[in-house]
Amino acid sequence: MMNSVKTSQVALGSLRPTTNSIRVTTSRTPLRSLCQHAGKRTAYITKTSHSPMGAGFQKASFNNKLIERRAWSYNSTRSMHSVATKISSAVTNGQASYSTEATAAGEPTIHAVFETKTGTWQYVVADPSTSAAVIIDPVLDYDPAALAVTTSAADTLLKLVKEKSYKVDRILETHAHADHLTAASYLQNRLTQEYGHKPSIGIGKRIGEVQKLFGRRYAVPQEEYSVVFDKLFDDDEQFKIGNLVATAMHLPGHTPDHLGYKVGDNVFCGDSLFHADIGTARCDFPGGSAHSLFKSGRKLLSLPDHVKIWTGHDYPPEDRKTPMPWMSVQDHKRQNKHLRDGITEEEFVSVRQERDAKLAEPRLLHQSLQINIRAGHLPKPTEAGHRMLHVPLKLKDVKW
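The model shown is predicted, which means the values in this text are computed figures rather than measured ones. Position numbers for residues start from 1 in each chain and track the written sequence from start to end. Only residues with pLDDT of at least 70 get local features here, since the model is predicted, and only at 80 or more are side-chain atom pairs given and counted; chain-wide, interface and lining totals rely on the full set of residues. With hydrogens and water excluded, all non-hydrogen atoms of the structure serve as input to the side-chain values.

S.K.: Where do I start with unusual backbone geometry in this structure?
M.R.: Excluding glycine, residues mostly carry a negative phi; peptide bonds, for their part, are mostly trans. One non-glycine residue, aspartate 137, lies in the positive phi region at around 55°. Here aspartate 137 shows up in the loop between strand E9 (132-136) and strand E10 (139-143). When accessible area is computed with a 1.4 Å probe and restricted to protein chains, residues below 20% of their type maximum are described as buried, those above 50% as exposed, and intermediate ones as partly exposed. Of the residues examined, aspartate 137 reaches a relative accessible area of 3% and is grouped as buried. At alanine 219, a position not held by glycine, the phi torsion is positive, near 55°. By the element assignment, alanine 219 lies in the loop between helix H4 (207-217) and strand E15 (231-233). Each helix is a run of H or I in the DSSP string that is no shorter than four residues. Each strand is a run of E no shorter than two, and both are numbered from the N terminus.

S.K.: Looking at this model, I keep getting lost on the confidence of the model for the protein. Mind explaining?
M.R.: On a range of 0 to 100, pLDDT expresses the predictor's confidence in each residue. Averaged over the protein, the pLDDT score is 82; the fraction of residues at 70 or greater is 76%. We call two residues in contact whenever any of their non-hydrogen atoms come within 4.5 Å of each other. In this model residues 6-93 is a low-confidence stretch, pLDDT under 50, and it forms 198 contacts with partners more than four residues away in sequence or in other chains.

S.K.: Honestly, the nonpolar core in this entry has me stumped. Any pointers?
M.R.: Inside soluble globular proteins, nonpolar side chains tend to come together where they are buried. Put simply, a nonpolar core is a bunch of buried Ala, Val, Leu, Ile, Met, Phe, Trp, Tyr and Cys residues held in one set by side-chain atoms that sit within 4.5 Å of each other. Membership of the largest hydrophobic core comes to 42 residues, with the highest contact counts inside it found for Val124, Ile135, Val161, Tyr166, Leu187, Leu191 and Phe229. Ranked by the residues each element gives to this core, the list is headed by helix H2 (residues 152-164), at 5 residues. What valine 124 contacts, discounting residues up to four positions off in sequence, is Thr109, Ile110, His111, Ala133, Val134, Ile135, Leu157, Leu160, Val161 and Tyr166.

S.K.: Where do I start with the environment of histidine 175 in this structure?
M.R.: The residue histidine 175 is located in the loop between strand E12 (167-172) and strand E13 (181-182) in this model. Expressed as a C-alpha distance, the spacing of histidine 175 and proline 252, which sit 77 residues apart in the sequence, is 9.7 Å. Among all residues touching histidine 175, those that are not within four sequence positions of it are Ile203, His254, Thr255, Asp257, His258 and Asp271. A polar side-chain atom of histidine 175 sits 3.4 Å from a polar atom in the side chain of aspartate 271. Any pair of nitrogen or oxygen atoms within 3.5 Å is treated as a polar contact; in protein, a donor-acceptor pairing is required on top of that, and neighbouring residues in sequence qualify only through side-chain atoms on both sides.

S.K.: Even after reading the chapter, I still don't get H4, so can you show me in this structure?
M.R.: Residues three or four positions apart in an α-helix share a direction because the helix packs 3.6 residues into each turn. Every buried residue of H4 is accounted for by Ile207, Val210, Gln211, Phe214 and Gly215. Projection of H4 onto a plane perpendicular to its axis shows the buried side chains occupying an angular sector of 125°, all on one side. Every exposed residue of H4 that faces more than 90 degrees away from the buried side is listed here: Glu209, Arg216 and Arg217. Elements that come into contact with the buried residues of H4 comprise strand E14 (200-204), E15 and helix H8 (365-372). Just downstream of H4 lies alanine 219, where phi reads positive at about 55°. In this description, one arc is meant: the one made by directions from the helix axis to the C-beta atoms.

S.K.: What is the right way to read the packing of aromatic side chains from this model?
M.R.: One pair of aromatic rings is described through two measures. These are the centre distance and the angle between the planes. Note on aromatic contacts: the rings of Phe and Tyr and the six-membered ring of Trp form a pair at centre separations within 6.5 Å, being stacked when their planes are under 30 degrees apart, edge-to-face when over 60 apart, and tilted otherwise. Considering all chains together, one arrives at 12 aromatic pairs under this definition. Aromatic pair phenylalanine 214 and tyrosine 218: ring centres 6.3 Å apart, planes at 20°, arrangement stacked. Its relative accessible area of 7% is what places phenylalanine 214 among the buried residues. Ring centres 5.7 Å apart and planes at 45° place the aromatic pair phenylalanine 294 and phenylalanine 348 in the tilted group. Taken as a pair, phenylalanine 294 in helix H5 (residues 290-301) and phenylalanine 348 in helix H7 (residues 345-356) lie far apart in primary sequence, 54 residues in all. Per residue, the accessibility class of phenylalanine 294 equals that of phenylalanine 348, and both read buried.

S.K.: I tried to follow the sheet that holds strand E19 (residues 266-270) on my own but got confused; where do I start?
M.R.: Sheets are built from strands paired through backbone hydrogen bonds, the pairs being either parallel or antiparallel. Strands were regarded as paired on the criterion that DSSP finds at least two bridges between them. One open sheet holds the 6 strands; their spatial order is E16-E17-E18-E19-E20-E21, and the pairing between them is mixed. The open sheet has two edge strands, strand E16 (238-241) and strand E21 (326-328), and neither has a second partner. Sheet twist, expressed as the mean angle between neighbouring strand axes with direction ignored, is 25°. Interaxial angle, 0 to 180 degrees, is taken between N-to-C directions of lines fitted to C-alpha atoms, where a helix line uses only the stretch in contact. Of the strands in this sheet, strand E17 (244-250), E19 and strand E20 (308-311) touch H5, which is tilted by about 155° from E17.

What follows is the structure in structure tokens.
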């Protein structure tokens, strides 16, 4: 069975925000009464405001609410305490964003943009001294009922980049996603057209085995997934974002090729650690391993307590409602339901495997993998002009 991918020409040419989205602007100002950790000004009050973008604003599945956040700070004796702040939060069926401004040398400015249909956090990470930036795990919109590709999520990122006058040097993938299509190639194309500078698309060096596996499974021609990524990162390879130093961290478990990206005191961990009330990502994909994910999780939690772990997804439970992009290492060690301190590898593997056995396959599994092993490039058109994806039939033991 084949799906024909339809691409909206209107969406491809538009940089306007979607109607069903809101922008969340976050400013941070020093909390002078608190001392700083290790000479850095890391204590802040966060003030967040929301404004609807466009007409036709609709109530989303996540309700507006006031929630209490904990911003961890350090006093002069290097002990940790928390400062409670109130944040008015709202999410629609489009996107919402959360931004932090760099306040210390070697630290980035971070914009986290949440795409609600797939529960994906997308990131724009910038060096404030040069305006050089990277985009991490961008989403290409896909409607499986209409078989339509659109670009509202990616266009939100382009609008942000333009507003901030960033120069995007790289588009980074943490892995070949199985739950959403990547917008890497679309963004590369649009940024090249707009600014005359072509950002590279990067991923971990083990992507080749993943491409071969799913290329065979979905009959993707080899020439459509060979040499589609511009940069394959080695484990612990360092690279620059302007004057910032970033490091590629191998974090296998969810998939064997999985990377995280460490920039200053921040790690963009993709599908490894989720919010503490969710725990961790599934490990039942080909090459996935609960044992490996446990080791990757402990690797992340061996970092200093103040380091922020920025997650790739969030699926807020009923008692939380609002998606959160990050938690500190300290928070995860104390609260993560799967990996908090005291949980053994044996206990983790048992819980993770039991949970994975009950999970359904991702809604966009087949479409995502076929696009993502191509680095977001669309399939080549057939003689009839259609761009095709393979979707397997499920016969439920019915044969004739």
